[in-house]
Structure formats: C-alpha cells, structure tokens
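Okay, here's what each chain looks like letter by letter:
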Amino acid sequence: MKKITLGIALFFSVLTAQAQTKVVAQPADKAPDEQESLAKDYLSQIMGVALSATSNMKLFHFVYDWIGTPYRFGGSSKHGIDCSAFTKELYSDVFNLDIRRNSRDIFSMVSPVSKDELKEGDLVFFKIHSRRISHVGIYLGNNRFAHASSRGVAISSLDDAYYSRYFYKGGRLLSAFKSQLDNLPDPGNGSNTSDNN
C-alpha cells in the first residue's frame, strides 16, 4: 500500500513540476484591435480627451504629429504655423476639405453651434483683444481644443479662464459643406454655373 501511495505521490509531483516549467506560447504581435485600443489610450492621456470607438483617429494622430510646432504668423509648415493655417492643413489632411486661410473667412463657412453642442472636429472661434474674430482652433472633446497658439501648436481647454473669456462661437464646417453640396445643381442637367466671388 505504501508503494502505491508513494508511486501516486511521485506521479503527481512530476506532473506538477512539468506544469510549472511549461512555457505558454505568447502571440508575437498584438491584434490590430488591441493596438488601436492602446493608441486610443495613449492619445487620450496626452490630449485629455476620452476617445471612443467612433473617434476620428486620423484627427488625433494629426494633432499629435503637430504638437509643439512653433507659432509663426503667416507660416504654414512644421517650421512655423499660425492658427488658420493649422486649421486649413488639418481640414485638408483629415477631412479632405479645402477651406479658407483666414479665421474670419473660415467662420463665414460654418454653421454656428453653441458651446455645449460642440463635437469632435468642430471649430472654435475667439475674439482675442479684438472686436473681430482673431483666433480659431479645432474641438477635440471634453472642452479641449487644438490650435496654433503663441506657444506653438498645443491643446488647451475652453474652461481655461483666458480662453473662456475670449471664446466667441463654435462652428460646424462639415454640415455647412454638406448643405452647400446639396444645393449645387446636378452636373448632368446641362446648366452652367459661375462663381462670382
């Protein structure tokens, strides 16, 4: 009986030793969904915005890529850029839309939205030390927006006392463009239109 008990104990100790030394194969690469989730978590932390499944990752990657670019009035490159050029570049790259170059002109292209109705990708306009619109940024969510400020391309909060004081209005460019496209005559009907601007 002792031999059988000893044999069983020895058998289980060998199995336990093998189980402890067995190497579990780990997948070499993370799944694409997991990589995207990690990217969203990383960008969320940097930008202070909770990214959802519906978030436009191209928008957040674009902003991340430009953060820290120095401010230069009239500039439009990574060597230096101003607020309207940054907005124009973002809309061209992320949304494939060609918008105007000046913050006041850009405002003329939007459908106004209130501060509490702002959505990711909307524009925010400011009248800083001026009676006219003098600054523009892109809303990211969570009351945060990206813009080319005097300290370079950065992410700021609409709740910040400075920006809260000078905030003018929000605007939705995409819906404005959609309504313009809906109002264009059908190119197949033979009518000729000209631009008077």
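What counts and what doesn't
- Residues numbered from 1 in each chain as written.
- Predicted model: local features only at pLDDT ≥ 70, side-chain atom pairs only at ≥ 80, totals over all residues.
- Heavy atoms only, no water.
- Salt bridge = Lys/Arg side-chain N within 4 Å of Asp/Glu carboxyl O.
- Helix = DSSP H or I, 4+ residues; strand = E, 2+ residues; numbered from the N terminus.
- Buried < 20%, exposed > 50% of the residue type's maximum accessible area, 1.4 Å probe, protein only.
- Pairing = 2+ DSSP bridges.
- Phe/Tyr/Trp six-rings, centres within 6.5 Å; stacked < 30°, edge-to-face > 60°.

Enquirer: Would you mind showing me how to read the pattern of salt bridges here?
Expert: Pairs can form between side chains of opposite charge whenever their charged atoms are close. Throughout the structure, instances matching the rule amount to four salt bridges. Two residues, Arg101 and Asp82, come together in a salt bridge whose shortest N-O distance is 2.9 Å. On the criterion of sequence distance, the pair formed by Arg101 in the loop between helix H4 (83-95) and helix H5 (103-107) and Asp82 in the loop between strand E2 (80-81) and H4 is long-range, its members being 19 residues apart. The class of Arg101 is partly exposed, set by a relative accessible area of 32%.

Enquirer: It is not clear to me how the pairing of strand E7 (residues 152-157) should be interpreted in this structure. Could you clarify?
Expert: Side chains on a regular strand alternate between the two faces of the sheet. Burial within E7 is extensive, with six of its six residues counted as buried. Strand direction decides the pairing type here: strand E6 (residues 144-149) and E7, joined by six bridges, are antiparallel. Across the sheet, the residue bridging to His147 is Ala154, located in E7. Here E6 folds back onto E7, and the loop between the two strands holds two residues.

Enquirer: Teacher, can you tell me more about the packing of aromatic side chains here?
Expert: The geometry of an aromatic ring pair comes down to the distance between the two centres and the angle between the two planes. Tallied over the full model, the rule gives 12 aromatic pairs. Ring geometry for Trp66 against Phe86: centres 6.1 Å apart, planes inclined by 65 degrees, an arrangement best described as edge-to-face. Within this pair, whereas Trp66 is found in helix H3 (residues 57-66), its partner Phe86 is found in helix H4, the two being separated by 20 residues in sequence. One exposure class covers both Trp66 and Phe86, and it is buried. Relative to Phe95, the ring of Tyr91 lies with its centre 4.7 Å away and its plane at 40 degrees, an arrangement referred to as tilted. Here the residue Tyr91 and the residue Phe95 both occupy positions in helix H4, the gap between them amounting to four residues, near one helical turn. Like Phe95, Tyr91 is buried.

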